[in-house]
Amino acid sequence: MKVNTNKKENHQEKNSIINRIKNVHISDRAYAVIRYVALGVAALVLIYSSYSLTNSYLDYKEDEAKYAEINDMFEQETASTSDTQKKKKTLNYSSSIKTWVWDYKAMLQYNDEAKGYIKLDGTRIQYPIVEHEDNEFYLKRGSDKVSNGAGAIFLDYRTAGLDGRMCILYGHNMMDGSMFKELMNYREDDFAKKHQTFDIYVGYRHYIYYVFSAFSTTDDNESVYKFGFEDDNDYQKWLNTVAGKSRYKFDNPLPGVDDKVIMCSTCVDNSGNRQIVCMYRGEEVVD
């Protein structure tokens, strides 16, 4: 029997075309599904990011308002009269000015774990110093003990405290410039030159602290993060180590074994890098 090969070939070609059309339709549908899934995921990411940014912004504003209220606790109004007015012996033109006066008793009423206060003129570093029985509590709580992403400025419970030989203060490096963000500015010579002293309030007392070292390190550097010293030689060795790491040569003399030191630490990134600023206690100020 003779087979019509042309007819058979035409039939095969027709089936091939149909299969290709089906495959195109399947590919189009698959592409459409993938496209809609991708758009959906992108939309969810955008919504989550917006939500997170909104929450962060609200946390920043809440944190800012909270510490402004704390600052207001220590502002007192005092009468001020010019020399000319005094000569005229009249108070008709007297005015009141606000003076910042530390009140440790009021701070304790606000938070019974308050240990003092830290101030760096010309910056936003102006916060209570608190301490808990661990280092986790104030990572996500403000100085009022209420949950807040900005946390608080707190003492490492493993170190000796503000009246001890050496203590470590931690604070977050916040994107809005708050908490210990401005410690990063000590990487700039001009800032370091202009900010060589801190005001530290320890209990009821007020001291000037002198900066002697600013540098970067890692959070696992045991030669920097010390939690006690065997003797004076061990302490002097530590002082020499941190002083030698400073990227800027401060005008202040270097401390000795009789000096009390505060080491401030904040995060540089999420890889364990840290910015350190070390200072030692100077004269007491009678307010």
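Please read these numbers as outputs of a predicted model, since none were measured by experiment. (Residues numbered from 1 in each chain as written. Predicted model: local features only at pLDDT ≥ 70, side-chain atom pairs only at ≥ 80, totals over all residues. Heavy atoms only, no water.)

A. Molecular detail of the pattern of salt bridges. Taken as a whole, this structure holds 10 salt bridges when the rule is applied. Lys145 serves as the salt-bridge partner of Asp112, at 2.8 Å between the closest nitrogen and oxygen. Here the residue Asp112 occupies a position in the loop between helix H3 (104–110) and strand E3 (114–119), and Lys145 occupies one in the loop between strand E4 (126–130) and strand E5 (153–155), the gap between them amounting to 33 residues. Given the relative accessible area of 55%, Asp112 is considered exposed. Residue Arg205 is joined to Asp163 by a salt bridge in which the shortest nitrogen-to-oxygen separation is 2.9 Å. With Arg205 in strand E8 (residues 205–218) and Asp163 in the loop between E5 and strand E6 (166–170), the pair connects residues that are 42 residues apart, well separated along the chain. The class for Arg205 is partly exposed, based on a relative accessible area of 27%. Via salt bridges that share partners, Asp163, Arg205 and Arg281 belong to a single interconnected network. (Salt bridge = Lys/Arg side-chain N within 4 Å of Asp/Glu carboxyl O. Helix = DSSP H or I, 4+ residues; strand = E, 2+ residues; numbered from the N terminus. Buried < 20%, exposed > 50% of the residue type's maximum accessible area, 1.4 Å probe, protein only.)

B. Structural context of the layout of surface pockets. Of the voids in this model, the largest pocket is the one considered here, and its volume is about 400 Å³. Along the wall of the largest pocket there are 18 residues; nearest its centre are Leu139, Tyr170, Asp219, Ser265 and Arg274. Sort the elements by how many residues they give to the lining of the largest pocket and strand E9 (residues 261–267) lands first, with 3 residues. Of the residues belonging to the lining of the largest pocket, the class tally is 6 nonpolar, 6 polar and 6 charged. (1 Å grid on protein atoms, 1.4 Å probe; cavity = no way out; pocket = protein on both sides within 12 Å on 5 of 7 lines; lining within 4 Å. Points joined across faces, edges and corners; volume = space filled by probe spheres on them. Nonpolar A, V, L, I, M, F, W, Y, C, P; charged D, E, K, R; others polar.)

C. Structural view of the sheet that holds strand E10 (residues 273–285). The 8 strands are arranged E3-E4-E5-E6-E9-E10-E8-E7 in a closed barrel whose pairing can be described as mixed. Between one strand axis and the next, the sheet turns by 30° as a mean value, whatever way the strands run. Pairing between E4 and E5: 2 bridges, direction parallel. Directly across from Ile129, in E5, lies its bridge partner Ile153. (Pairing = 2+ DSSP bridges. Axes fitted to C-alpha atoms, helices over the stretch in contact; angles between N-to-C directions.)

D. Structural view of the environment of Asn135. As for its position among the elements, Asn135 is in the loop between E4 and E5. The spatial distance from the C-alpha of Asn135 to the C-alpha of Tyr170 is 9.1 Å, given a sequence separation of 35 residues. Sequence-distant contacts of Asn135, that is, excluding residues within four places in its chain, are made with Phe154, Leu155, Asp156, Tyr157, Arg158 and Tyr170. A polar contact is formed between the side chain of Asn135 and the side chain of Asp156, at a distance of 3.2 Å. There is a polar contact of 3.3 Å between the side chain of Asn135 and the backbone nitrogen of Tyr157. (Contact = heavy atoms within 4.5 Å. Polar contact = N/O pair within 3.5 Å; in protein donor to acceptor, adjacent residues only side chain to side chain.)

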